[in-house]
Amino acid sequence: MLAAIGVMAILAVAIGLVLGWSAIRFKVEGNPLAEKIDAILPQTQCGQCGFPGCRPYAEAIAKGEADINQCPPGGEEGVKKLAELLGVEPKPLDETHGTPKPKSVAFIDENTCIGCTLCIQACPVDAISGAAKQMHTIITAECTGCELCLPPCPVDCISMVPIAEDLPHWKWKHPVVMMKQIAETEDA
Amino acid sequence: MSRELFRFKGGVHPPEHKAESTSRPIHAAPLPKKLVIPLRQHIGNPAKPVVEVGERVLKGQMIAAADGYISTAVHASSSGTVAAIDLQPVPHISGLPDLCITIETDGRDEWVAHAPLDYQAMESPQLRMQLRDLGLAGLGGAVFPSAVKLDPGASHACPTLIINGGECEPWITCDDMLMRHHADEILQGVAIMRHLLGSTEILVGIEDNKPEALDSMRSAAAKLDFAVEVVKVPARYPGGGAKQMIETLTGKQVPSGKLSTDIGIQVFNVGTSYALARAIHHGEPLISRLVTVTGHVLRPQNFEVLIGTPMHTLITLAGDRDGTTGVLMGGPMMGVPVPNLDVPVVKATNCILVKSKELFPPLPKALPCIRCTRCADACPAELQPQELFRFAKAGDFGRAQEYHLFDCIECGCCSYVCPSHIPLVDFYRYAKGEIWAREKDKRAADLARERHEFRQFRQEREKKEKAEKLAAKAQAKRAELAAVPAAEGAAVSDADAKKALIAAALARAQAKKTDTAPKNVDQLTPEQLHQIEEIEARRTKIRELARKPLESEEKKP
Amino acid sequence: MASPFILDRTSVTQVMAWVLAALLPGIATYVWLFGPGILVTLSLATVTALAAEAAMLKARGYPAKPFLADLSAIVTAWLLALSLPSLAPWWLIITGTLFAIVVAKHLYGGLGQNIFNPAMVGYAVLIVSFPVQMTHWAGPNELTSVHLTLAQSATVIFGGDVPRTTLDAVTMATPLDALRTGLLQQLTVDEVMTHPIFGHYGGVGFEWLAGAFLLGGLLLWALRIISWQVPLAFLAGIWLTAGFLNFYDAGRFGPPWFHLFAPSVMLGAFFIATDPVSGATTPRGKLVFGLGAGFLTMAIRTWGGFPDGVAFAILLMNLCVPLIDQYTQPRIYGGADKEPRT
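Residues numbered from 1 in each chain as written. Chains lettered and ligands numbered in written order. Predicted model: local features only at pLDDT ≥ 70, side-chain atom pairs only at ≥ 80, totals over all residues. Heavy atoms only, no water.

## Comments concerning the overall build of chain A
This is how it is decided: We count a stretch as a helix when DSSP gives it H or I for four or more residues in a row; a strand needs E for two or more, and each element gets its number in order from the N terminus. Radius of gyration: C-alpha atoms only; globule rule: 2.2 Å multiplied by the number of residues to the exponent 0.38. Exposure classes here rest on a 1.4 Å probe applied to the protein chains alone. A residue is buried below 20% of its type maximum, exposed above 50%, and partly exposed in between. Note on contacts: a residue pair is in contact if any heavy atoms of the two residues lie within 4.5 Å. The method behind every accessible area is Shrake-Rupley, applied with a 1.4 Å probe, and residues are considered shielded solely by the protein chains displayed. Note that His is not counted, nor are the chain ends; the positive residues are Lys and Arg, and the negative ones are Asp and Glu. The atoms used to mark charge sites are NZ of Lys, CZ of Arg, CG of Asp and CD of Glu.
The helix and strand tally for chain A stands at 6 helices and 4 strands. For chain A, the α and β elements follow one another from N to C terminus as α-α-α-α-β-α-β-β-β-α. A globule of 188 residues ought to have a C-alpha radius of gyration of about 16 Å, yet chain A, at 25 Å, is considerably larger. Along the longest, intermediate and shortest principal axes, the C-alpha atoms of chain A span 90 × 65 × 30 Å. Buried residues in chain A amount to 32% of all 188 residues. Sequence separation of 24 or more characterises 49% of the internal contacts of chain A that already satisfy a separation of 6 or more. Of the roughly 11200 Å² that chain A leaves accessible, carbon and sulfur atoms contribute 62%. The distance from the centre of the 14 positive side-chain charges to the centre of the 23 negative ones in chain A is 8 Å.

## Structural notes on the pattern of salt bridges
Definition in use: Salt bridge, as used here, is a side-chain nitrogen of Lys or Arg placed within 4 Å of a carboxyl oxygen of Asp or Glu.
For the structure on display, the rule yields 38 salt bridges over all chains. The partner of B:Asp67 in a salt bridge is B:Lys48, and the shortest N-O contact between them spans 3.7 Å. In this pair, B:Asp67 is assigned in the loop between strand 5 (62–65) and strand 6 (74–75) and B:Lys48 in strand 3 (residues 48–49), connecting sequence segments 19 residues apart. We classify B:Asp67 as partly exposed; its relative accessible area is 24%. Overall, the relative accessible area of 48% leaves B:Lys48 in the partly exposed class. Note that B:Arg458 is salt-bridged to B:Glu462, the shortest N-O span being 3.4 Å. With B:Arg458 and B:Glu462 both in helix 13 (residues 424–483) and 4 residues apart, the pair spans about one turn of that helix. Residues participating in the shared-partner salt-bridge network are A:Asp38, B:Lys442, B:Asp446 and B:Arg449.

## Considerations on the confidence of the model for chain A
Residues and elements named next belong to chain A. Using the following cut-off: The predictor reports its confidence for every residue as pLDDT, a score running from 0 up to 100.
The share of residues in chain A with pLDDT of 70 or more is 93%, and the mean pLDDT across the chain is 84. Of all the helices and strands in chain A, helix 6 (residues 179–187) carries the lowest mean pLDDT, 47, while helix 1 (residues 2–25) carries the highest, 92. Across residues 181–188 the pLDDT falls below 50, and counting only partners more than four positions away or on other chains, this stretch makes 5 contacts in the model.

## Quick look at a positive patch on the surface
Residue and element names in this part refer to chain B. Selection rule: Here, patches come from residues exposed beyond 30% relative accessible area and free of salt bridges, joined within 9 Å for like charges and within 5 Å for nonpolar side chains (Val, Leu, Ile, Met, Phe, Trp, Tyr).
Side chains of Lys466, Lys469, Lys473 and Arg508 sit close together on the surface and give a patch of like positive charge. Examining the composition of the positive patch, we find that 3 residues originate from one element, helix 13, more than from any other. Following the sequence through the fold, Lys473 ends up in helix 13.

## A closer look at unusual backbone geometry
All names here are of chain B. The peptide bond linking Tyr237 to Pro238 adopts the cis configuration, its omega dihedral lying at -5°. Here Pro238 is to be found in the loop between strand 11 (229–233) and helix 6 (242–250). Residues other than glycine seldom take positive phi values, yet Glu382 does so here, at roughly 60°. Inspection of the secondary structure puts Glu382 in the loop between helix 9 (374–378) and helix 10 (385–394). In this model, His404 sits at a positive phi of 65°, which is unusual for a non-glycine residue. Secondary-structure assignment places His404 in the loop between helix 11 (397–402) and helix 12 (413–417).

## With respect to the interface of chain C and chain B
Interface extent is often summarised as the accessible area lost during association of the parts. Definition in use: Throughout, buried area stands for the accessible area (probe radius 1.4 Å) lost by two parts on being put together, summed over both. A 3.5 Å cut-off defines polar contacts: any pair of N or O atoms within that distance qualifies, except that in protein one atom must be a possible hydrogen donor and the other a possible acceptor, and neighbouring residues in sequence count only when both atoms are side-chain atoms. Basically, the charged four are Asp, Glu, Lys and Arg, the nonpolar ten are Ala, Val, Leu, Ile, Met, Phe, Trp, Tyr, Cys and Pro, and anything else, Gly included, counts as polar.
Contact with chain C, which involves 37 residues of that partner, is made by 53 residues of chain B. When chain C packs against chain B, the two sides together hide about 3800 Å² of surface, and 59% of this comes from carbon and sulfur. The interface formed by chain C and chain B contains 1 salt bridge. We note a salt bridge from C:Asp325 to B:Arg371, for which the minimum N-O separation is 3.5 Å. Counting across the chain C and chain B interface gives 17 residue pairs in polar contact (both at pLDDT 80 or more). Breaking the side of chain C that touches chain B down by element, the ones donating at least two residues are helix 1 (12–34), helix 3 (64–69) and helix 16 (310–327) of chain C. With 3 residues, the single largest contributor to the side of chain C that touches chain B is helix 16 of chain C. Within the side of chain C that touches chain B, the residues separate by chemical class into 18 nonpolar, 12 polar and 7 charged.

Right under this line is the structure:
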């Protein structure tokens, strides 16, 4: 009896020591899960998910405080990837957070801009250049299309322009080879 | 010639259809009224226009300069006036337009001043710059800037130079005709390549279905003062692919993900070699090429065509027929359907293939894959096409990459043999495109994340700095005020001190407001000043407009 | 649709038609040596398979025409019919065919999607569920006193009134069954082999049937419809395993040639294990697949509960195909000699 208790106690201490040692030895900096989630998020920093940016949303998902279907720019594919990472069932996008839109960039109408700098302060990625009373311009290559600059503009001079397909951006479509569809066209 | 040849794996034997277009001599296509010259005719950065609309240009004049290292210049194919620099339809599978320079020709075909280059006297880098400015790009199909390929680099020499006269695609005969009639000039080009690359072994690979070209090249090679071995290789598609030609002639394989120069071999098409000879010995930039016009036309033949000539003029020249079901640029295995016949001939145009129902029956409907692995047997890249198809179809691009999707050369052998008639190559192109697009998105996301994080850091820093500054200022002011009451007595309380501070700040702010004037307004013309006034007036109006709805809303309740 | 714009002439229909054609020598030999009963079985299986295929295509919303025309259902039907005892009752044939087409093929997603060979699934279901009826083999004409005509065979198959004595005079145990039963009775191989059913290599008649299937298989190989790896490895697997066992104890284990010259082995090696849909795809994978199937066939014959093991061996190997394929990916053009596994 005493021997059994003794053995158990020694085991407990030994395992505890090993666990303690590994906790120090293999310490992981930061929150690796939030990091991985953040890598999947599209980094639009649009806040449609209800969090002030992609990183806070990622952390909220990691903590289980937010659902995986709150990111419209990520789309269904983003939800699927998150579901895969977290080992949960994918679900449709939560419409209350918005619906996916074609990829766009903001455009400032130079004739209307009054140079108020409000949009510059709103831009989450510093993609607007300009100074007070000077006309502002979007740095197209860095604009994420988050639309956060639209509401603060007092003169509504910012519009979202969908990225047009041109030759360097063109890509092959999925070849459609579905027997059912072929049958329908043949019968028609 | 008893060179040991090696057999590359896979490949197919489609009907050749070469005889149709080799019976007639090469004709020069007439000068068209309008030349449309795309700026993106080669791999790499598109050329940058150096002429303006309305400018008169001469034949051979550079109209767009190379932009960066992997790029090459573009030239006017004839003399005339620049009519437009805008988006025009180009021969691309997407059917999307691209930036082109349109020249209205004047019919005089007046050359710009040009002279032969003494390449042996020139430094190699300087010579390569010249070649880049002469618009040279690979004419075998990939249109890779030749100047880049002619750089053996500091570390690797290029002992073996292969001149590719394979031309394995059915229907196409422009290389065959070039070798029959311009063998000497091709080999002049080879001499220049040899000079630049320092090659010691020079092999010319020609498929055995071109006996005339073989004879012509052999007799030309016999006249040279250096050794060129003209080798007859068995005709099998895609034996004219660079990697396949290398294996057939040397038994070596280009390591996956590497260049042939990494194993000391460089490959050039015979057309490129000819263009190089024209460039060096005549100073002529790449403004024309041989184009096979064949298929469903009355007189299939080869034309010497100016770059920028609309394709329909060539089809009319070869005799168009009823029952045309489409036109391809290139051969039936790797060619690109042309969106409309106004598109110009570009540097990559080796063949214009007119389709008809009889020559190209509509492809049968696809059935599911039965994993018969005929595609794997036919694949010259030795891949497992049936697995790649499965992954591409399912959108499992990661696995597709693991199964070496990017080693696929899109030769079309797998689709050709597929008993289920699945357009396999389309799936690979789709998967490659998606992977590239995703990588691009990923880079954009990384950039956005970085910028967002920096912004947050900056805001934090600014907040901190501001707070520190304010604290320091307040400290200073208080000390100052504390010094004054010492003289005036203790009448001024602490509250008064604060009041004074606020008043001072307000005054400062007021002053600043009136002070702020737009920058860069000195030394402006009266018109510009007037414009600024107009804008200012508009702004005040807008500000009022912006205020009004607020006021009206306030009044409402 | 983009390049290529030309196609080779082969089609799925053509491939399947050649498979059917290659079965004809076997069927002809079957009729010649065992009587015309097999024709009834083949027809019944074919009709059932086509009806089931059409019904399933309709239920799944697929067009019937291109899929019925691909002949794959008929191939399944014939392979199953040739595996069944030639005097198996009609309901057995229909049950097996239905199971093969409906469950093994269409419930897995139809042509190209089934992970198991449908004919073998049908066979396995029958032999597990109805072991008694699965012994109704007609003996070779050479050994039986009564020879059934086509009409008489049909009567037997459709459960008509046939005198018990006639039936007993016609049916016989297959050589493999005879060997198995004999060995179970503690006889030595040599003692069992004195039974008249045993011929030169295999059983009387059976060895010729095996030869006819081999001939058809070689035709398929000559036409490059099947690759050499699977049949060769399958036969090698059987021969090596049987040879080793026979060498170890010739009294308890049958000779390798006998095991090799069974019709089921030749049919399995050239027509069933070579089914591309459910088989391995890489060259080395095909060798592994064939060797494994051959070894398992012998293992089941020797130690299992069934007289023959070709069907179960192939089904078991079907199960391993994804694994085999993943671990036998060939070197690509310009690839490293040893591929790092991912």
